[in-house]
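# Chain and residue survey
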Amino acid sequence: MFHVKLPSRDVMARHADEKVTGARIHLPSRSVDPLRQVGRRLLMALGVLFLTVLIVYADRDGYHDNANGTVDFLDAAYYATVTLSTTGYGDIVPFSDSARLVNILVITPLRVLFLIILVGTTLEVLTERTREEFRLKKWRSHLRDHTVIVGFGTKGRSAIQTLCATGLRKDQIVIVDPSGKVIEAANLDGFVGVVGDGTRSDVLLRAEVQKARQIVIATQRDDTAVLVTLTARQLNRGAKIVAAVREEENAPLLRQSGADAVITSASAAGRLLGLSVLSPSAGTVMEDLIQQGSGLDLVERPVTKAEAGRSVRETDDLVVSVLRGHRLLGYDDPQASPLQLTDRVITIVRAAPVTPLTTPPED
């Protein structure tokens, strides 16, 4: 039986004020300038008011003022104001058939429009809620074979940057994190986020983990990673699960829990440190290979028709390994050549730079 070893000093999952009781899905928001919205509403209201004043003034002979019997421009503005605001003192009234007809067909609809503008804030909230529910339903219906990232810290963001560098679209990534502030940062980067504890099945179901193709577990604690792996594997038997742990002795437990690959962050960093001490240049090359999108990249791709039947050394790219079925063959393995059309090769290629994500919080 395996026991999870916890680091002696580990960062807590989140601050107490960031804890949430239920999972919520946050789609990337569309930026809206509130001052522009208020200004647009004000102009619309003034436009309706001015149009009403012109209509009343143009037909002023059909109106009667109880004070002096005539209606001038000021009286028309006064009548339009009290009419649109539904105050209606009754001191100025339409008496001709044309004025009353205009009030029925024109002034009344303008009054309704004016009231809608005045209560536009409430209507906008209702409309925004309906629009958000529609976007959420549309998102759920179109989401298939996506990638779920549990944990949006340093490791999670680096994993996402690597995935995006290989061509994965942002709308095919769903992030799960217990911090609302972290999910807000993810939304700013254009990702869909779910606020909640990734160890709970209802949270992962909101991220549509049952339809995901691959799951990346980049939590801050090893015990949390184990629980997330168990839950994710129970919900999705066919997804590829890759998990990160801090302590190497916890890696077998992750594999036993259902992870297809386990990355030990502390050991990997230690090996890179040791290599850099022995050979700084070799350490620089390894760091370059790990950092996707700049300098040299490790890329897995299928063998092309032109490469089939050739030796590993005859390809245009620098091949370091050949994946044939479930066997991983080194470039110097005699069985690696000639290449077969069903093979996949792991090559070193020159990469184009990738736009970095927002600076992540510390893990």
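Please refer to the structure placed before this passage.
Below or above, wherever it landed, is the structure these notes cover. (Residues numbered from 1 in each chain as written. Predicted model: local features only at pLDDT ≥ 70, side-chain atom pairs only at ≥ 80, totals over all residues. Heavy atoms only, no water.)

### Overview of the pattern of salt bridges
Counting across every chain of the model gives twelve salt bridges. Across the pair Asp343 and Arg324 runs a salt bridge whose closest N-O atoms are separated by 2.8 Å. With Asp343 in the loop between strand 12 (327-330) and strand 13 (344-350) and Arg324 in strand 11 (residues 318-324), this residue pair connects regions lying 19 residues apart in the sequence. Note on accessibility: Asp343 and Arg324 belong to one class, buried. (Salt bridge = Lys/Arg side-chain N within 4 Å of Asp/Glu carboxyl O. Helix = DSSP H or I, 4+ residues; strand = E, 2+ residues; numbered from the N terminus. Buried < 20%, exposed > 50% of the residue type's maximum accessible area, 1.4 Å probe, protein only.)

### A short note on helix 5 (residues 154-165)
When the terminal C-alpha atoms of helix 5 are compared, their 17 Å separation across twelve residues agrees well with the 16 Å that a helix rising 1.5 Å per residue should span. Those residues of helix 5 not exposed but buried are Gly156, Arg157, Ile160 and Leu163. Along the long axis of helix 5, the arc covered by the buried residues comes to 120 degrees, so they all point the same way. Gly167 sits one or two positions beyond helix 5 and adopts a positive phi of about 110 degrees. (Expected span 1.5 Å × (residues − 1). Arc of directions from axis to C-beta.)

### Describing the side chain of Asn103
Here Asn103 lies in helix 3 (residues 97-118). Within the structure, Asn103 has its side chain in polar contact with the side chain of Tyr79 (distance 2.8 Å). Non-local contacts of Asn103, meaning those with residues more than four positions away in its chain, are made with Tyr63, Tyr79, Pro94 and Thr108. (Polar contact = N/O pair within 3.5 Å; in protein donor to acceptor, adjacent residues only side chain to side chain. Contact = heavy atoms within 4.5 Å.)

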